[in-house]
Amino acid sequence: MKKAKAENAYKSIIFLKDDDDKALLRPETRLYGRIVHSTGTIFMTPYPPPSQSFPLIGMVQKEHSPEQKQSALLTVFARGQSFVVMGIVNNQNVESRAKIVYKTASYARTPFSPAEMKLLSKKTVTILGAGTGGSKIAAELARAGVDQFKSCDPERMDLANVSRHEGNLFDVGKPKTQIVAEHLYTINPATLVKTYFEDIFERPLEQVEEILNSDLVVAATDITAIQLSINELTYKRGIPCVFGGCYEEARGGEVFYTLPGEKMPCLACLRANLKQPKTSVEIDYSTATGPDDYQGEPGLHAAIDFVTCLEYSNWT
Amino acid sequence: MRQSILSPASNTATGPDDYQGEPGLHAAIDFVTCLEVQICLAILLREVPTSRLAKLIDPRFNFILVGGALASGFYRFKKPFHIFFQPLKGPRKDCLVCGDSSLLLRNVIDEQSEKEDLQTNFEMEDK
C-alpha cells in the first residue's frame, strides 16, 4: 500500500437532485456509485440504487479519523462549505474536494417552464411492459424530468431482445423491470422506480388498481386483451392512459390515448369497429447505429429521436 | 415473423424468437415510441395553462397513425413517414367501458374526414 501523501489524480462528484437534498449529506449517510479509473472520476450519490450494479463506496462522517484509513469505504466529510472525499483508490491516497452536481443543472436549456419542470418531477407514471417500447418510454420520461415510476413486466431479458431494447448484452437474464430501474438510475439516481417482476393481473383486482394508481398509465404491451383490460381499469379509475403499438415489422404504428371524463372514444370503442392492417411479408432492415448524445433539454431527446429515427431509415 | 390475427393492431410477435434477425427494427420502433413519449409529456403537463406541449392534447384527436420508412401503401399510409391524426366520430354509445347513452355518436371512421386527412399529411393546424 502506497503511503505517500494524498494525490489528487481522482476527482470526486456527488450527485444530488436539488439543493434541498444537500441535507442528505449528514453523518452516517451511505454513498453509492462508481469509480471510473479511465477518467479518474469518483461518482457518488446518496440515493440507494436498484441493484448491486452501483455498490456502496462511501460514507459521510463528521470528520476523517485515523481509524477510517483502514476502511474500504471512502470518507466524505464537511470542511467549511465544501465536502471532502478521502480514502484509498487504486492503491493511492485520495483527497479531493467533491464537486456537487444537481439534476437541475443537467437542463441547461429547456423549452419547459420552471412550473412544468416542477410538475413533471412530482408525477408518477406506471408503465405496463418493460420491453422495447416500455423501456424506451421510461428512459425518455426520466430524461424529461419525471421522477417516479412503476415498472411491471414478468419477463427476463433475452439475447434476442438486445437489438432493440434499452438494455444490452450484459443484461441478458435479468428481469426487464430491473434493467429499466438500473437504466433510469444512470439517467437520474434520484428517480424512484417500483418494480413488479410478475404478471400483475394475477393479483387481486384491488391490488392491480393500486398499482395502476398514478398520474398516467402507459400500456406498453402488444397483447390486445391486456390492453383492453388496462383500458377498462384506467378509464373507470379516471387515470389517463396511453396505448402504443407497432404494426408488423414496425412499418408503422399507432398511438392512442384516453382522458377519462372527456368525450372521446376509449380503446374498446376503437377496437370494436376499426379495420386493422393485414399481416404479411418479411422485411430485412439494414443495420442502424446510434445517434450522438444530446444534452440539456428535457423532452428533447424524444423529439430528436423522432428525427434521428427518420435518419436511420434514410440511410438504409 | 409469425402471423397473427389476434393482435393485429400491434406487433405480431409472440416471443423473442419472432424478432431474431431484424436489424434496424429498434429505430423503426423508436419512431413510434418517440411520438408516444411526447403525448405522455403533454398529458402530464395539461394542468399547466401556459404549457405549449399540453396544447397538443385535443380530445377530438386521440388516435395517431405513424407510418415508418416502409409504410407506403401499407394499411392507411400513403407514403413513407406518413403521420396523421386519424379522425374518429367519438365514443360508441353502447361501449361497456365509456358508453354514454346521451351521445349519438359512433366510433366508426369518419370516411370523409379520413379521405381529407390522408391528403393533408402533417397539416394538424387544420384540425
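Our structure is the block above this text.
This structure is a prediction, so every number in the text was calculated from the model and none was measured. (Residues numbered from 1 in each chain as written. Chains lettered and ligands numbered in written order. Predicted model: local features only at pLDDT ≥ 70, side-chain atom pairs only at ≥ 80, totals over all residues.)

1. Some details on the packing of helix 2 (residues 132-144) of chain A against helix 1 (residues 25-44) of chain B
Reasoning step 1: Remark: helix 2 of chain A packs on helix 1 of chain B, axes separated minimally by 9 Å, with the N-to-C direction vectors making an angle of 45°. Regarding the angle of helix 2 of chain A to helix 1 of chain B, the classification is oblique. For the pair helix 2 of chain A and helix 1 of chain B, the sense of crossing is right-handed. Contacts between helix 2 of chain A and helix 1 of chain B pair Thr132(A), Gly133(A), Lys136(A), Ile137(A), Glu140(A), Leu141(A) and Ala144(A) from the former with Ile29(B), Asp30(B), Thr33(B), Glu36(B), Val37(B), Cys40(B) and Leu41(B) from the latter.
Reasoning step 2: Residues of the contact of helix 2 of chain A with helix 1 of chain B, tallied by class, amount to 7 nonpolar, 3 polar and 4 charged. (Axes fitted to C-alpha atoms, helices over the stretch in contact; angles between N-to-C directions. Helix = DSSP H or I, 4+ residues; strand = E, 2+ residues; numbered from the N terminus. Parallel < 35°, antiparallel > 145°, perpendicular 65-115°, else oblique. Left-handed = near helix turned anticlockwise from the far one by under 90°. Contact = placed C-beta atoms within 7 Å. Nonpolar A, V, L, I, M, F, W, Y, C, P; charged D, E, K, R; others polar.)

2. As for the pairing of strand 5 (residues 74-79) of chain A
Residue and element names in this part refer to chain A.
Reasoning step 1: Pairing geometry for strand 4 (residues 56-60) and strand 5, over 3 bridges, is parallel. The residue of strand 5 that forms the bridge with Gly-58 is Leu-74.
Reasoning step 2: Counted between consecutive antiparallel strands, the loop separating strand 5 from strand 6 (residues 82-89) contains 2 residues, among which Gly-80 sits at a positive phi close to 65°. (Pairing = 2+ DSSP bridges.)

3. Notes on the packing of helix 2 of chain A against helix 3 (residues 176-187) of chain A
Residue and element names in this part refer to chain A.
Reasoning step 1: The geometry of helix 2 relative to helix 3 is characterised by a closest axis approach of 10 Å and an angle of 20° between their N-to-C directions. By the angle class used here, helix 2 and helix 3 are roughly parallel. In this structure, the crossing between helix 2 and helix 3 has a hand that is right-handed. From helix 2, Ser-135, Ala-138, Ala-139, Ala-142 and Arg-143 reach across to helix 3, where they touch Lys-176, Ile-179, Val-180, His-183, Leu-184 and Ile-187.
Reasoning step 2: Per-class residue counts for the contact of helix 2 with helix 3 are 7 nonpolar, 2 polar and 2 charged.

4. Here we look at helix 3 of chain A
Residue and element names in this part refer to chain A.
Reasoning step 1: When the terminal C-alpha atoms of helix 3 are compared, their 17 Å separation across 12 residues agrees well with the 16 Å that a helix rising 1.5 Å per residue should span.
Reasoning step 2: Here helix 3 lies mainly inside the structure; 10 of its 12 residues are buried.
Reasoning step 3: Among the residues making up helix 3, those that are buried are Lys-176, Thr-177, Gln-178, Ile-179, Val-180, Ala-181, Glu-182, His-183, Leu-184 and Tyr-185.
Reasoning step 4: The elements touched by buried residues of helix 3 are helix 2, strand 9 (148-152) and strand 10 (192-196). (Expected span 1.5 Å × (residues − 1). Buried ≥ 20, exposed ≤ 12 C-beta atoms within 10 Å, placed from the backbone.)

5. Quick word on the sheet that holds strand 2 (residues 83-85) of chain B
Through backbone hydrogen bonds, the strands of a sheet pair up, either in parallel or in antiparallel fashion.
Reasoning step 1: Taken together, the 8 strands give an open sheet; going across it, the order is 10(A)-9(A)-8(A)-11(A)-12(A)-13(A)-1(B)-2(B), and neighbouring strands pair in mixed fashion. Strand pairing shows two members of the sheet lacking a second neighbour, strand 10 of chain A together with strand 2 of chain B, which therefore form its edges. Between one strand and the next, the sheet's axes are offset by a mean angle of 15°, whatever the strand orientation.
Reasoning step 2: Bridge count between strand 1 (residues 63-67) of chain B and strand 2 of chain B: 3 bridges; the pairing is antiparallel.

6. Focus on helix 1 of chain B
At 3.6 residues per turn, the α-helix brings residues three or four places apart onto the same side.
Residues and elements named next belong to chain B.
Reasoning step 1: Taking 1.5 Å per residue, 20 residues should reach 28 Å; helix 1 reaches 28 Å between its end C-alpha atoms and fits that length.
Reasoning step 2: Taken as a whole, helix 1 carries its principal kink of about 30° at Phe-31.
Reasoning step 3: Burial analysis of helix 1 places 19 of its 20 residues in the buried class, which makes it a mostly covered element. (Bend = angle between axes of the 7 residues up to and from the residue.)

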